[in-house]
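So the chains spell out like this:
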Amino acid sequence: MQDNKQYYSDLEAREMICEIGRRVYYRNYVAANDGNISVKVGHAELWTTPTGVSKGYMTPEMMVKMDLSGKVLSGSLNPSSEIKMHLRVYNENPEVNAVVHAHPPVATSFAIAGVPLDKPVLPEAIVLLGTVPVAPYALPGTHEVPDSIAPYCNTHNAVLLANHGALAWGRDLMEAYFRMESLEHYATILMYSNNVLKKANELNRSQIADLINIRESMGIKAGGVPINEEDRKVEEEDR
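Notes on the structure follow. The model shown is predicted, which means the values in this text are computed figures rather than measured ones.

As for the packing of helix α3 (residues 105-113) against helix α6 (residues 173-196)
Remark: α3 packs on α6, axes separated minimally by 7 Å, with the N-to-C direction vectors making an angle of 70°. Classified by the angle their axes make, α3 and α6 are roughly perpendicular. Between α3 and α6 lies a crossing whose hand is left-handed. Every residue of α6 that contacts α3 at P105, V106, A107 and F110 is listed here: L183, E184, A187, T188, L190 and M191. When grouped by side-chain class, the residues that make up the contact of α3 with α6 number 8 nonpolar, 1 polar and 1 charged.

If you want it as structure tokens, here you go:
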């Protein structure tokens, strides 16, 4: 079957990864050499960040080209051991063309606490991001990590990694990055509303349904549907 997707050129992909790297670094989503970024440039080829390099100080020449089996095709540096979870997302969901992994502080705090981002309080989060579940803890760099995220690759747009960080994906690199931004923004709002103000007026079922319709009209197929407190109580009573 012919692949009709529009991909970045090799140079565009390497330059875009460096740009996103600077953004995640200067927004404090990563520290030191943390995080990794990848983007597809063909049906089965991608560029990714090298291991042991700060995301804020990368150059296009540092990038590593791979195929979806994990074979290195070009590049003088080694890819991160965490590329395994990127590859799993691509192999589970062919519509995904880019993946961003980072450790945004507030969202990572939710991941450490084992609390998903699933409260219906912010229309933009429901439409552009959706709910964000917590994947079970897995040792970073091992095959346990891709196994832990596999159930969410087709149903959601991002996932929290228990005691680790966050992973977001999208149809292009900017969408994947913006989902990481939205994820941290959503987590920050939930932190303030739930733990500082201790009050959050949740959207009702009809309002949530309207937002899901908007999401679908934008061609966003995944994200899950948040359930408000009233409906959660009904579900618990029916069990």
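Digging into helix α7 (residues 205-217)
Here α7 is 13 residues long and its end C-alpha atoms lie 19 Å apart, about the 18 Å a rise of 1.5 Å per residue gives. Sitting at the head of α7, N204 places a side-chain oxygen 3.1 Å from the backbone nitrogen of S206. Positive phi appears at G219, one or two residues downstream of α7, with a value of about 80°.

Re the packing of aromatic side chains
Applying the stated criterion across every chain, the model contains 3 aromatic pairs. Judged by centre distance (5.6 Å) and plane angle (70°), the ring pair of Y25 and Y57 falls under edge-to-face. Of this pair, Y25 sits in helix α1 (residues 10-26) while Y57 sits in the loop between β2 (45-48) and β3 (64-67), and the two are 32 residues apart along the sequence. By relative accessible area, Y25 is classed as partly exposed at 24%.

Concerning the packing of α1 against α6
As a packed pair, α1 and α6 sit with axes 11 Å apart at the nearest point and diverge in direction by 10°. Viewed along their axes, α1 and α6 adopt a mutual orientation that is roughly parallel. When α1 is examined against α6, the residues M16, I17, I20, R23 and V24 are found in contact with a partner set consisting of L173, M174, Y177 and F178. When the residues that make up the contact of α1 with α6 are grouped by side-chain class, the tally is 8 nonpolar, no polar and 1 charged.

With respect to the pattern of salt bridges
A side chain of one charge can pair with a side chain of the opposite charge if their charged atoms are brought near each other. Taken as a whole and judged by the stated rule, the model has 11 salt bridges. A salt bridge links D147 to R88, with the nearest nitrogen and oxygen atoms 2.8 Å apart. One end of the pair, D147, is in helix α5 (residues 144-149); the other, R88, is in helix α2 (residues 83-92), with 59 residues separating them in the sequence. For K221, the salt bridge is made with E95, and the minimal N-O distance between the two is 2.9 Å. Separated by 126 residues along the polypeptide, K221 in the loop between α7 and α8 (229-238) and E95 in the loop between α2 and β5 (98-102) bring together distant segments of the chain. Through salt bridges with shared partners, one network takes in D10, E45 and K65.

Reading the values: the criteria
- Residues numbered from 1 in each chain as written.
- Predicted model: local features only at pLDDT ≥ 70, side-chain atom pairs only at ≥ 80, totals over all residues.
- Heavy atoms only, no water.
- Axes fitted to C-alpha atoms, helices over the stretch in contact; angles between N-to-C directions.
- Helix = DSSP H or I, 4+ residues; strand = E, 2+ residues; numbered from the N terminus.
- Parallel < 35°, antiparallel > 145°, perpendicular 65-115°, else oblique.
- Left-handed = near helix turned anticlockwise from the far one by under 90°.
- Contact = heavy atoms within 4.5 Å.
- Nonpolar A, V, L, I, M, F, W, Y, C, P; charged D, E, K, R; others polar.
- Expected span 1.5 Å × (residues − 1).
- Polar contact = N/O pair within 3.5 Å; in protein donor to acceptor, adjacent residues only side chain to side chain.
- Phe/Tyr/Trp six-rings, centres within 6.5 Å; stacked < 30°, edge-to-face > 60°.
- Buried < 20%, exposed > 50% of the residue type's maximum accessible area, 1.4 Å probe, protein only.
- Salt bridge = Lys/Arg side-chain N within 4 Å of Asp/Glu carboxyl O.

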